[in-house]
Amino acid sequence: MRVFFATDIHGSEVCWRKFLNAGAFHKADVLIMGGDMTGKAMVPITGSNGTWRVTLRDQETVLNGEDEVAAMEKRIADRGYYPIRLTPDEMTAWQADPSLVDTRFKAEMLAQVERWMALADERLAGKGTRCIVSPANDDIFEIDPIIAAAKLVELGESNNIELDGLALVSTGYANPTPWNTFRELPEPELRQRIDGLVKDVPDKRRAIFNFHAPPFGSNLDNAPKIGADMRYVSGGQALIPVGSHAIREAILDYGPVLSLHGHIHEGRGAVKLGKTLSVNPGSIYEDGVLQAAIVDLDVKKAEVKRYLLING
Amino acid sequence: MTTGEMAKAPALFLRNATGLVKGWSAFDAFAYSFMSVNLVALGMFYSLAIFGYVPDGSAVLSILITAIGMTFMSIAYAGLIAAMPRAGGDYVWQTRVLDGIPGAVVGGAFGAIATFLVATAFGLDTTVAYVAMAGGAIVGAGLGLWRGGIGFVLSATGWWFILALWAPIYAFIFNIEFVQPLAAVLGWKDGVTFFSGTDGGFSVSIFTIVVTSGLVALGMAGYARIQKWCLYIGLAALAVMFILMAVSSVDSFIAAYNREGQALFGVSNAYQATIDQGTAQQVAGGDVNNFSVGVPTFALVPFMLFFLLYPQWGSTLYGEVRGAGDFRKVLTGFLGGLWATAGLAVVFVLLAAKTFGWTFFNASNATYVNHAYGYVPDATVVPIWGFPGLLASYLIDSHIVQAIIVIAFGAWWLGWTGTLFLSSTRMIFAAAFDRVLPEWAARVSDRGVPWGALALIMIPSVVLSWLYAYQAATFYPLTLDATLVIAVTFLGSSIAATILPYWKPAIYNGSPVARFKILGLPLISVAGLLSTLFLGWSIWAWIFDANNLYGIGTKNADSIKFLGALYAIAAVVYIVARLWRRSQGVDLDAIHAEIPAE
């Protein structure tokens, strides 16, 4: 069985489209998206009467006509940001009332996930490739039912999914972060949550853990240290482990054949923890590059035959 | 809405999400650049110690010309970092950009030149050398066509293999800037004798390897704190040195040097004896007030790269949703480190001429190099190198104060040496994750120690340290090879920067650097091209100088063979890895194969 695992695409349209095509391209039997699907930023395109202005990565562009605006919107969306058309009056209102921003953010995230699920149903139809999506700590809870409603996409979170004799156990909850995101749990509660999910798996070795946060101290969790002012310490050179102790201990205690992680975009790599191969494919979604792990499993022996980390 | 009102409007709205940070301070970027372009550990040790070999060159202008050349490279690198921020440096930039036809051209040209030089160094017949050249071109082009091949060869040599040679060089720096001066001022004559010998040199190399490995094990977070303190202590030591040099006359220095020559080494009238020895060896000439822009001045430039080549060393931009402000911040850090160092270097040579005397300064340096590198059999007048920090400390007639100054100068080494193996381990990790190296190369212990990667750099470092110590006549003259190989790696990235807007427009157009143009041309391409020309010229000078000024070119067959071995090993490792992985059913081409979006 070939598993294609990607994660942390944060709203990048091009990365999602690549993900859906990866099954055919890399001959994968199962596609797994590890969460943090939704974008982090909205880019306002401001103007009216056919002339618009936008500043993307400090680069201001004047757009004339619908074609130019649409091309810019695609470029913004491919980077993982939400393009938002605003009139000058709307922009003024948004600056005055942050709740307008929050409301629109939520609407954009939900609309995108709905669009993505529809695209998945369309592209995966008749392919025989299974697709599992498991939201993670940066994803709002409201996207879960949208994923669950998709015809050809299975919701990973808290649902143990049978994969050719192996059990996929998923949670997008992470140990606490400085950003206080949606799905965070203190370490003891995270361990309880994992234990609760794993208890129904008869043979723990025949499990695949799809836990968003990487195990602590695994090198898959090295992130640049930040100070209390949310600035990088030592110019981003000081890398520290920020993964989850609960997840590390669970991997070592249960010894699944494979564990899949994301969360720390800089933590790309693969390590052996006990008998388990743990991978974090990393993420450079802003470049439009889909980083992923391709893992070939011998399901009879519950062994990893080979793996590859790719930049697709 | 007016343009002015638009400028005040936010360019984006962010929500609360993991990884969104406020960036980092420009001072941090400057500090790392400044410590990498290390005025004391690299500059004083080598670049600023060789003016006696090119007496007609302008010391000041050679520093400034080199800094101008490196400005182009800094812009190109800042552009690459802004365009591919978390890609991880040369290995990934070259792998992602130098593929297809550009990769084949670069690989083919490199393979052809390298094999021809190696064949010639082995004394093969010209016809055979041309056949070898054709073979090298084919292999090089093949590596270039293979996704990842050229990136691996250029990066493995520049970020891994050659750092094994840097290990004994780092140790040599530590030995002659710290250990021997400290032993001397503390009156430990046996120590001076031991550490000046081969056993002492090898011991310091092993110490250096252990320390740098320990710093990797400590982790960058811990080391970063040490680095900051080293920066402050090192700057304080430099300030003391500059003040001592500024307020002292050459006569007072002559008296101080002769006093310490007698007290520490039993040598009378050491100042004049040093000048006499330098004059006899024809390395004591020159005029610091020479500002002619001629061939001799440009001949000094490749020497200056020994310290000015690295303003971008270790810099990686982290984080998301970043913009052109980060390009400017990174570039400001690079250029700040580069030009602050160049400026201090100019001040230093002017002060050295004023206080030490230019003739003496050059004689002291070059006679030591001549002896240490085995160019002449004569022992130097005093048995240790005239490290400028030590020379300045002589102006204070107290061995305790002298020792304190020497110890403080050691911060320049300690704050910089930790990056030696850190860079290698990152490169080894990247190659292991790409399955070019075995899995164990990327394994870490429970304490987070990357023992596999450390072993892969420590073992060759020990071997080269042994050779450096006990085959000194062969390996000391290869010192500039350590710079050349890294310059070749940087040349590859400069070419990548040049072609990025045209070969990978999707990456370039979406990057913040795309807004910067010169005469309508992409800034990154212009800077990349100028950097390519500058580095290409320097590499050409190192290799083909007819007078063997740099000691590592075609006139030194050992150097060419050594370089050839490095690149051959890298190519073989990559080719074997591809075949080995293919036998396991792993297709390394899949690593960089772009999945169609539609």
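Refer to the structure presented above.
Right, let's walk through the structure included here. Model, not experiment: these values are computed from the prediction.

## Here we look at the sheet that holds strand β16 (residues 276-280) of chain A
All names here are of chain A.
Here is step 1 of the chain: With mixed pairing, six strands are arranged side by side in an open sheet as β9-β10-β11-β14-β16-β15. Both outer strands of the open sheet, β9 (161-163) and β15 (269-273), are each paired with one neighbouring strand and no more. Shown here is a sheet whose adjacent strand axes are inclined to one another by a mean of 25 degrees, direction ignored.
Here is step 2 of the chain: Pairing geometry for strand β14 (residues 258-260) and β16, over three bridges, is parallel. Bridge assignment links S259 to a residue of β16, and that residue is S278.

## Side note on the sheet that holds strand β7 (residues 130-133) of chain A
Here is step 1 of the chain: An order of β8-β7-β2-β1-β17-β18 (chain A) is seen for the six strands of this open sheet, with the pairing classed as mixed. The sheet is open, and its two edges are formed by β8 (154-155) and β18 (303-311) of chain A, each paired on a single side.

## Here we look at the pattern of salt bridges
Here is step 1 of the chain: Inspection of every chain in the model, using the stated rule, returns 27 salt bridges over all chains.
Here is step 2 of the chain: One salt bridge in this structure joins R104(A) and E108(A), with 3.0 Å as the shortest N-O distance. With R104(A) and E108(A) both in helix α4 (residues 98-124) and four residues apart, the pair spans about one turn of that helix.
Here is step 3 of the chain: A residue is classified by how much of its surface remains accessible, and E108(A), at 18% relative accessible area, is buried.
Here is step 4 of the chain: A salt bridge links D144(A) to R183(A), with the nearest nitrogen and oxygen atoms 2.6 Å apart. Of this pair, D144(A) sits in helix α5 (residues 143-149) while R183(A) is found in the loop between β10 (166-171) and α6 (187-198), placing the two residues 39 residues apart along the sequence.
Here is step 5 of the chain: D144(A) sits in the buried class, given a relative accessible area of 12%.
Here is step 6 of the chain: Put simply, E13(A), R17(A), R115(A), R123(A) and E598(B) are held in one network by salt bridges that share partners.

## Some words on the layout of surface pockets
Here is step 1 of the chain: Within this model, the second largest pocket holds a volume of roughly 690 Å³.
Here is step 2 of the chain: Breaking the lining of the second largest pocket down by element, the ones donating at least two residues are α1 (13-25) and α2 (66-78) of chain A together with α5 (90-97) and α22 (505-509) of chain B.
Here is step 3 of the chain: Ranked by residues supplied to the lining of the second largest pocket, first place goes to α22(B) with four residues.
Here is step 4 of the chain: When its residues are assigned to classes, the lining of the second largest pocket shows eight nonpolar, eight polar and twelve charged.

## Some details on the interface of chain A and chain B
When the parts of a complex come together, some accessible area is lost, and that lost area is often used as the size of the interface.
Here is step 1 of the chain: Each side of the interface is counted separately: chain A has 78 residues, and chain B has 72 residues.
Here is step 2 of the chain: Summed over both sides, the interface between chain A and chain B buries roughly 6,600 Å², with carbon and sulfur atoms accounting for 54% of that surface.
Here is step 3 of the chain: Broken down residue by residue, the surface that chain A buries against chain B is led by R57(A), W179(A) and Q237(A), which jointly contribute 12%.
Here is step 4 of the chain: Linking chain A with chain B are five salt bridges.
Here is step 5 of the chain: Here K18(A) makes a salt bridge to E594(B), at a shortest N to O gap of 3.0 Å.
Here is step 6 of the chain: At the junction of chain A with chain B, the criterion picks out 17 residue pairs in polar contact (both at pLDDT 80 or more).

## Some points on unusual backbone geometry
Residue and element names in this part refer to chain A.
Here is step 1 of the chain: One non-glycine residue with positive phi stands out, namely D8, at about 55 degrees.
Here is step 2 of the chain: Looking at the element boundaries, D8 is found in the loop between β1 (2-6) and α1.
Here is step 3 of the chain: The exposure class assigned to D8 is buried, which follows from its relative accessible area of 1%.
Here is step 4 of the chain: At D36, a position not held by glycine, the phi torsion is positive, near 55 degrees.
Here is step 5 of the chain: Residue placement: D36 occurs in the loop between β2 (30-33) and β3 (41-48).
Here is step 6 of the chain: Taking relative accessible area as the criterion, D36 reaches 1% and is therefore assigned buried.

## Topic: helix α21 (residues 479-503) of chain B
All names here are of chain B.
Here is step 1 of the chain: Here α21 contains 25 residues, and its C-alpha end-to-end distance of 36 Å stays within 8% of the 36 Å for a straight helix at 1.5 Å per residue.
Here is step 2 of the chain: At A497, α21 is bent by approximately 30 degrees, the largest bend along its length, and proline P501 sits one to four residues beyond.
Here is step 3 of the chain: The buried fraction of α21 amounts to 21 of the 25 residues, a majority that puts the element mostly inside the structure.

## As for the pairing of β1(A)
For a regular strand, side chains alternate in direction, first toward one face of the sheet and then toward the other.
Residue and element names in this part refer to chain A.
Here is step 1 of the chain: Most of β1 is tucked away: four of the five residues are buried.
Here is step 2 of the chain: Where β1 meets strand β17 (residues 291-298), five bridges bridge the pair, whose relative direction is antiparallel. Note that in β17 the partner of R2 across the bridge is D296.
Here is step 3 of the chain: Note: β1 against β2, four bridges, orientation parallel. Of the residues in β2, the one forming a bridge with F5 is I32.

## Overview of the pairing of β7(A)
All names here are of chain A.
Here is step 1 of the chain: As judged from the four bridges shared by β2 and β7, these two strands associate in the parallel manner. What sits directly across from I32, in β7, is I132.
Here is step 2 of the chain: Pairing analysis gives two bridges linking β7 to β8, with the strands arranged parallel. Within β8, the position partnered with I132 by the bridge is E154.
Here is step 3 of the chain: After leaving β7, the chain enters α5 and then returns to the sheet as β8, a path that is right-handed.

## Quick notes on the nonpolar core
Here is step 1 of the chain: Counting residues in hydrophobic clusters, the biggest one holds 284 residues, and the most contacted among them are F4(A), W16(A), L48(B) and W166(B).
Here is step 2 of the chain: For this core, the element with the highest residue contribution is helix α8 (residues 149-185) of chain B, accounting for 27 residues.
Here is step 3 of the chain: Within the second largest apolar cluster, 21 residues are counted, among which are L190(A), V198(A), A213(A) and A250(A).

## Topic: the environment of N311(A)
Here is step 1 of the chain: One can find N311(A) in strand β18.
Here is step 2 of the chain: Taking the C-alpha atoms as reference points, N311(A) and G65(A), 246 residues apart in sequence, are found 35 Å from one another.
Here is step 3 of the chain: Dropping the residues within four chain positions of it, N311(A) is found in contact with R268(A), V289(A), L290(A), Q291(A), I591(B), H592(B) and A593(B).
Here is step 4 of the chain: Of note is the side chain of N311(A), whose polar atom sits 3.5 Å from the side chain of H592(B).

Criteria and thresholds
- Residue numbers here run from 1 along each chain, matching the order of that chain's written sequence.
- To label them, take the chains in the order written and letter them from A, then take the ligands in the order written and number them from 1.
- Residues qualify for local features only when their pLDDT is at least 70, as the model is predicted, and side-chain atom pairs are given and counted only at 80 or more; totals for whole chains, interfaces and linings, by contrast, use all residues.
- Remark: hydrogens and water are excluded; side-chain values derive from all non-hydrogen atoms of the structure.
- Any two strands with at least two DSSP-identified bridges between them are counted as paired.
- Helix and strand labels come from DSSP, where a helix needs a run of H or I of at least four residues and a strand needs a run of E of at least two; each type is numbered from the N terminus.
- Axis definition: a line fitted to C-alpha atoms, limited for helices to the stretch in contact. Angles are taken between N-to-C directions and run from 0 to 180 degrees.
- By definition, a salt bridge exists where a carboxyl oxygen of Asp or Glu is found within 4 Å of a side-chain nitrogen of Lys or Arg.
- With a 1.4 Å probe rolled over the protein chains alone, any residue whose accessible area is under 20% of its type maximum counts as buried; one over 50% counts as exposed, and the rest are partly exposed.
- Only protein atoms enter the 1 Å grid used here. Points where a 1.4 Å probe fits but cannot escape make up a cavity, open sets with protein on both sides within 12 Å along at least five of seven lines make up a pocket, and a residue lines them when an atom lies within 4 Å of a point.
- Grid points are joined across faces, edges and corners, and a volume is the space filled by probe spheres set on the points.
- Note on residue categories: nonpolar means Ala, Val, Leu, Ile, Met, Phe, Trp, Tyr, Cys or Pro, charged means Asp, Glu, Lys or Arg, and polar means any other residue, Gly included.
- Contact definition: two residues touch when any of their heavy atoms are within 4.5 Å.
- Buried area: the sum, over both parts, of the accessible surface (1.4 Å probe) that disappears when the two are put together.
- We call two N or O atoms a polar contact when they sit within 3.5 Å, provided that within protein one can donate a hydrogen and the other can accept it, with sequence-adjacent residues counted only if both atoms are side-chain atoms.
- Multiplying one less than the number of residues by 1.5 Å gives the expected span of a helix.
- Note that bend, as reported per residue, equals the angle between axes fitted to the 7 residues terminating at that residue and the 7 residues originating from it.
- Whether a crossover is right-handed comes down to one check: with the strands pointing away from the viewer, does the path from the first strand over the helix to the second run clockwise; if it does, it is right-handed.
- Buried Ala, Val, Leu, Ile, Met, Phe, Trp, Tyr and Cys residues that are joined via side-chain atoms within 4.5 Å together make up what is termed a nonpolar core.

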